[in-house]
Amino acid sequence: MLQEKNGIFYITFDIFKALPNVTAAVSARKGGVSGVPFGSLNMSFSSGDDPRHVLENRRRYLSALHVVPEHIICCNQVHGVNVVQAGRADRGRGALERESAIPSCDGLMTDETGVPLTMNFADCTPLLFCDPVHHAVAVSHGGWRGTAGNIAAETLRRMGEAYGTEPDDVLAAIGPAIGPCCFEVGQEVVDAFAKLFSPLEMKELTRPAGNKYYFDLPKANRLLLLRAGIRAEHLEDAGLCTYCRDDLFFSYRKASKAGEQTGRHMAVIMWNEGD
């Protein structure tokens, strides 16, 4: 659901509405201070934007969510499947500069309150998790490599290992990502996913386009979440294509085709303090 507060736009999820003590959102690109080509609510230091603009954008977005900007935990994403446990001692890592972010990480999880976990995106799939039984939350970065490595199941496995999480209890959301209408891939990507999915599933996920294919990345993550034990009624897909809706979200692929740079939007999830 698209929300607006103080001129800042972001997506929230109905699946988490029953948990008012959980903050979960994905920023849109409107309401910030970054100029062209990062206009306007760019969340990433790595995009080439002025760091002062990134800090102000983060302040505006996170303040709208009642999250302390200096407390967020960020990581240097590498399109892998490494999921790291974080806590209050990690608050602020990557919040004010890229250098202090957690290295080589594409998933964060915690069972501590007041620990805002974040990931940045610009076509890849945001995956947000909440275990209401053990008060644990997580966020993962589902690019095609991470998805092919099954980061969805790896996040749940790590939550189970660390907190006793049972997938049957978990509420999960799939944020805005490049859709099957626009995610054109080569044979090497199809071959990577063919190792993970059955021929029947691959027919559902791929559509031929000349010597290329269109691939359904959000649906691939949905199938993997269900396979890992998430109940269908506990899973929500935002259903928004970042390439089609680059008026609302950043699309790295669309910008690259035009020979341009672009910004990143941010997913954040936190179990609030005092609840």
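Residues numbered from 1 in each chain as written. Predicted model: local features only at pLDDT ≥ 70, side-chain atom pairs only at ≥ 80, totals over all residues. Heavy atoms only, no water.

> Lay out the side chain of Thr-23 in plain terms, naming residues and giving numbers.
Its location among the elements puts Thr-23 in strand E3 (residues 22–27). Looking at Thr-23, its side chain comes within polar contact range of the side chain of Asn-272, at 3.0 Å. Setting aside anything within four residues of it in sequence, one finds Thr-23 in contact with Leu-65, Val-67, Val-268, Ile-269, Met-270 and Asn-272. (Helix = DSSP H or I, 4+ residues; strand = E, 2+ residues; numbered from the N terminus. Polar contact = N/O pair within 3.5 Å; in protein donor to acceptor, adjacent residues only side chain to side chain. Contact = heavy atoms within 4.5 Å.)

> Any chance you could break down the nonpolar core for me, citing the residues and the numbers?
Within the largest apolar cluster, 35 residues are counted, with the highest numbers of intra-cluster contacts made by Phe-129, Phe-197, Phe-215 and Leu-225. Of all elements in the fold, only strand E7 (125–131), strand E8 (136–142), helix H3 (151–163), strand E9 (171–174), helix H4 (187–194), helix H5 (199–205) and helix H6 (217–227) reach the threshold of two or more residues within this core. Excluding residues that lie within four positions of it along the chain, Phe-215 makes contacts with Gly-179, Pro-180, Phe-183, Val-185, Phe-193, Met-202, Leu-205, Thr-206 and Ala-220. Counting 31 residues, the second-largest nonpolar core is a separate cluster that includes Ile-73, Cys-75, Leu-117 and Ala-173. (Core = buried A, V, L, I, M, F, W, Y, C linked by side-chain atoms within 4.5 Å. Buried < 20%, exposed > 50% of the residue type's maximum accessible area, 1.4 Å probe, protein only.)

> Tell me what's going on with the pairing of E9, and back it up with residues and numbers.
Burial of E9 is two-sided: the residues Leu-171 and Ala-173 facing one way and the residues Ala-172 and Ile-174 facing the other way are all buried. Where E7 meets E9, four bridges bridge the pair, whose relative direction is antiparallel. Bridge assignment links Leu-128 to a residue of E9, and that residue is Ala-173. Bridge count for E9 against strand E13 (residues 235–237) is three bridges, and the pairing is parallel. Following the sheet pairing, Ala-172 is matched in E13 by Leu-235. (Pairing = 2+ DSSP bridges.)

> Go over the environment of Ser-63 with me, naming the residues and quoting the values.
In this structure, Ser-63 sits in helix H1 (residues 51–64). Residue Ser-63 is classed as partly exposed on the basis of its relative accessible area of 34%. The spacing of Ser-63 and Lys-5 is 58 residues in sequence and 9.7 Å in space, taken between C-alpha atoms. Ser-63 has contacts with Arg-58 and Pro-69, leaving out every residue within four places of it along the chain. Within the local environment of Ser-63, its side chain forms a polar contact with the backbone oxygen of Arg-59, the two atoms lying 2.6 Å apart.

> Hey, could you go over the sheet that holds strand E11 (residues 206–209) for me, with residue numbers and the actual values?
Ordered in space as E10-E12-E11, the three strands form an open sheet in which the pairing is antiparallel. Each end of this open sheet is capped by a strand with a single partner; those strands are strand E10 (184–185) and E11.

> Could you give me a rundown of the pattern of salt bridges, with the residues and numbers involved?
Counting across every chain of the model gives 15 salt bridges. For Asp-50, the salt bridge identified is with Arg-52, shortest N-O distance 2.7 Å. Among the residues examined, Arg-52 registers a relative accessible area of 63% and is labelled exposed. Between Arg-227 and Glu-201 there is a salt bridge; the shortest N-O distance is 3.2 Å. In this pair, Arg-227 is assigned in helix H6 and Glu-201 in helix H5, connecting sequence segments 26 residues apart. The exposure class assigned to Arg-227 is partly exposed, which follows from its relative accessible area of 44%. Here the salt bridges do not stand alone but share partners, grouping Glu-154, Arg-157, Arg-158 and Glu-161 into one network. (Salt bridge = Lys/Arg side-chain N within 4 Å of Asp/Glu carboxyl O.)

> Run through the packing of aromatic side chains, naming residues and quoting values.
Per the counting criterion, the structure on display carries five aromatic pairs. Considering the side-chain rings of Trp-144 and Phe-193, the 6.5 Å spacing of their centres and the 55° angle between planes classify their relative orientation as tilted. Of the two residues, Trp-144 is situated in helix H2 (residues 144–148) and Phe-193 in helix H4; the sequence distance between them amounts to 49 residues. Of the aromatic side chains, those joined through ring pairs into one cluster are Trp-144, Phe-193, Phe-197 and Phe-215. The ring of Phe-9 is capped by Lys-30, whose NZ or CZ atom sits 5.4 Å from the centre of that ring. (Phe/Tyr/Trp six-rings, centres within 6.5 Å; stacked < 30°, edge-to-face > 60°. Lys NZ or Arg CZ within 6 Å of the ring centre and 35° of its normal.)

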